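# Analysis of the macromolecular model
In case you want the letters, here they are:
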Amino acid sequence: MSIQVAVNGYGTIGKRVADAVELQPDMELIGVAKTSPNHEAELAVENDYPLYAAIEERVELFEEAGIDLAGSVEELVDAADIVVDACPSGIGAENKSMYEEYDTPALYQGGEDADLVDTSFNARSNFEDASDADHVRVVSCNTTGLSRLLAPLQEEYGVEKARVTLVRRGGDPPQSGRGPINDILPNPVSLPSHHGPDVNTIFPDLAIDTLGLKVPATLMHTHSVNVTLEDVPSEEEVKELLGSQSRTFLVPPKYGIDGAGKLKEFAMDRGRPRADIWENCIWEESVSIEDDDLYLFQAIHQESDVVPENVDAIRAVLGTADAEESIERTNETMGVGF
Ligand code: NAD
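Notes on the structure in this doc start here. (Residues numbered from 1 in each chain as written. Predicted model: local features only at pLDDT ≥ 70, side-chain atom pairs only at ≥ 80, totals over all residues. Heavy atoms only, no water.)

## A word on the site of the ligand
Within the structure, the ligand sits among 20 residues, and Thr12, Ile13, Arg169, Asp172 and Gln302 are positioned closest to it. Here arginine 169 contributes a side-chain N or O atom positioned 2.9 Å from an oxygen atom of the ligand. When isolated, the ligand has an accessible area of 820 Å², and the protein chains bury 80% of it. Per-class residue counts for the shell around the ligand are eight nonpolar, nine polar and three charged. Formed jointly, the shell around the ligand draws a minimum of three residues from each of two domains, domain 1 (3-139 + 306-334) and domain 2 (141-300). (Near = heavy atom within 4 Å. Polar contact = N/O pair within 3.5 Å; in protein donor to acceptor, adjacent residues only side chain to side chain. Areas by Shrake-Rupley, 256 points an atom, 1.4 Å probe, with all protein chains shown as cover. Nonpolar A, V, L, I, M, F, W, Y, C, P; charged D, E, K, R; others polar. Domains from an automatic or database assignment.)

If you want it as structure tokens, here you go:
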């Protein structure tokens, strides 16, 4: 029987994970839970995703909007083999006791604290750690992007120290209330930023310092990366290594892609759903070696890079595939890899 998957929280991440689960031959999306009958609720209905009320007091709002509900979130969680919690930061922690009550393992997203869960997760880096866990956190978009980059570098050359400046988008495109509108904010202003410790939830012993900025952009994050390596490869060897990873895209100079705008256009031209870019986008020309130091720029699509990771985390928790099988199946069904 296929894995019965529930998605609680059907927003930016939840709706993408639901669509990705629906594509998996070994999974069945048994429902999504929502708080309000907005356009996304209608989309779920149009997609034939059974819709459940996340909050009992709001059932009436769905009735008034003429949207049929299949039941309550508790019923959905009870029926599921696993639940993907894609609620706003902090709500996942509030939901944990419900998942425990129904004995349903849960995946949480990067907005939750690492100490909420048994393990944090990145498919390329620590797939096996999630085996049999009850509570697993798929790390944030930025930590996912850094883990995918650092895992092969660590394995091939050894990382003495990573230093990363994260130039972060102010908000996602629909987040009209977020900023800055016309500013460049050191954020957080104190150093190092929380991103390095978050990477340490995946690589406990890795030396990494991070700095964060927030800018008036919505499309993607950009990382300026410096990694001091123990064994120093040539630039060509690093390009070959990063180009061989299934979730990193080495942006070739001939494409003339100079930033996030053209990357998103590229994704749209290639028919990507919601113009999603699931891969790290590493500018090939930026890959440089100076003495022991590797430098590069990568762009990360915050709304979608964690989506294939959630699919893999489902198999990791339930032990239905190993890392290689799962990553390959997810990539193939979703179309990951340009
Ligand atoms: P979102 O606000 O777009 O979506 C969250 C959805 O959950 C909304 O539809 C909201 O109405 C719903 N919701 C609120 N309370 C709920 C409840 N009690 N029960 C069920 N649903 C509820 O948020 P998002 O961007 O999808 O973020 C979700 C999680 O993913 C957060 O932990 C966030 O940090 C993480 N994350 C976000 C991004 C990103 O860039 N958007 C990237 C990676 C990880």
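## Let's talk about the packing of helix α1 (residues 12-22) against helix α11 (residues 307-318)
One way to put it is that α1 packs onto α11 with a least axis distance of 9 Å and a crossing angle of 55°. Here α11 runs oblique to α1, going by the angle between their axes. In this structure, α1 crosses over α11, and the sense of that crossing is right-handed. Contacts between α1 and α11 involve Arg16, Val17, Ala20 and Val21 from the first element and Val307, Asn310, Val311 and Ile314 from the second. Among the residues making up the contact of α1 with α11, the classes are represented as six nonpolar, one polar and one charged. (Axes fitted to C-alpha atoms, helices over the stretch in contact; angles between N-to-C directions. Helix = DSSP H or I, 4+ residues; strand = E, 2+ residues; numbered from the N terminus. Parallel < 35°, antiparallel > 145°, perpendicular 65-115°, else oblique. Left-handed = near helix turned anticlockwise from the far one by under 90°. Contact = heavy atoms within 4.5 Å.)

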